[in-house]
Structures are given as C-alpha cells and as structure tokens.
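Listed below are the residues making up each chain.
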Amino acid sequence: MKAWYTVSYDITENKARRKIEKLCSTYFQRIQYSVFEGYLSETEFSAFFQRLQKLCREIKWNPVTDSILIYRHCSACYAGRKVLGRKVTSSESYLVI
C-alpha cells in the first residue's frame, strides 16, 4: 500500500547535505529547500530508507547536531494538511490559504 511521506533534513556539512539532497530528489519532490514529499509504496520507501542509512554511514554527518526527519501520512491526513503561501507541488489535494 502506498503512503505519503515528508522528509526534512538539517545537515551542517555542505558535501553531506548535497548527497542527502540528491538521494531525496531520486524518490521525492522538493517542496522547500530541505523538505521533500512523495507518494511511495512500502517497497519504494524501504529501498529509500536503506539507501539513506547506508549513505549516513558513508558521509561526514554528525547525528548529534544534524537530523533527518521522516513522516508517514495516510491519504486522508495528507489531504487535510494546510499550506500557507504558494502552492509548491502538483498535488491536487493542497489547500492554499
């Protein structure tokens, strides 16, 4: 079953941040500078998460100061989110106030 995911990161080291950004861009659509979202199957998400864990082991990142947050949303929850400002994806379920 597919679900919506939101991924955000705060990584201080530029090279590490670019690698995380590149991986996120492979699976998700960017909605803000360090925030991505996408509609993935369990298999797709599992592949992404495994690649993310491997990448974090390989790159210079500091889990004490850096973070990557991943949220899973059901379709109803995703459709009910609120957005202030410009519409940033092609999702028809965005509510722009």
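Criteria and cut-off values
Residues numbered from 1 in each chain as written. Predicted model: local features only at pLDDT ≥ 70, side-chain atom pairs only at ≥ 80, totals over all residues. Heavy atoms only, no water. Salt bridge = Lys/Arg side-chain N within 4 Å of Asp/Glu carboxyl O. Helix = DSSP H or I, 4+ residues; strand = E, 2+ residues; numbered from the N terminus. Buried < 20%, exposed > 50% of the residue type's maximum accessible area, 1.4 Å probe, protein only. Core = buried A, V, L, I, M, F, W, Y, C linked by side-chain atoms within 4.5 Å. Contact = heavy atoms within 4.5 Å. Phe/Tyr/Trp six-rings, centres within 6.5 Å; stacked < 30°, edge-to-face > 60°.

S.K.: For this particular structure, what's the right way to read the pattern of salt bridges?
M.R.: Two side chains with opposite charge may pair up if their charged atoms get near one another. As enumerated under the stated definition, the model contains 3 salt bridges in all. In this structure, Arg 72 engages Glu 42 in a salt bridge whose closest nitrogen and oxygen atoms are separated by 3.2 Å. Here Arg 72 is found in strand S4 (residues 67–73), whereas its partner Glu 42 is found in helix H2 (residues 42–58), with 30 residues between them in sequence. Look at Arg 72 and you get partly exposed, because its relative accessible area is 48%. Owing to a relative accessible area of 40%, Glu 42 belongs among the partly exposed residues under this scheme.

S.K.: I keep staring at the nonpolar core and nothing clicks. Help me out?
M.R.: For soluble globular proteins, nonpolar side chains are generally found buried alongside one another. Within the largest apolar cluster, 18 residues are counted, with the highest numbers of intra-cluster contacts made by Tyr 5, Tyr 9, Ile 20, Cys 24, Phe 28, Phe 48 and Leu 52. Residue assignment for this core shows that the elements contributing at least two residues are strand S1 (3–10), helix H1 (14–27), strand S3 (35–40) and H2. Top contributing element to this core by residue count: H2, with 5 residues. Sequence-distant contacts of Leu 52, defined by excluding residues within four places in its chain, comprise Ile 20, Leu 23, Ile 68 and Ile 70.

S.K.: What am I meant to see in the packing of aromatic side chains here?
M.R.: Given two aromatic rings, their pairing is described by the distance between the two centres and the angle made by the two planes. Here the structure, examined in full by the defined rule, presents 8 aromatic pairs. Centre to centre, the rings of Trp 4 and Tyr 39 are 5.1 Å apart; their planes meet at 40 degrees, and the pair counts as tilted. A residue pair is termed long-range when its members are at least 10 positions apart, and Trp 4 in strand S1 and Tyr 39 in strand S3 qualify at 35 residues. Using a relative accessible area of 18% as the deciding quantity, one classes Trp 4 as buried. The exposure class of Tyr 39 is partly exposed, given its relative accessible area of 37%.

S.K.: What should I look at first to understand the side chain of Arg 17 in this one?
M.R.: With respect to the secondary-structure elements, Arg 17 resides in helix H1. With near-sequence residues (within four places) excluded, Arg 17 lies in contact with Tyr 9, Ile 11, Thr 12 and Tyr 33.

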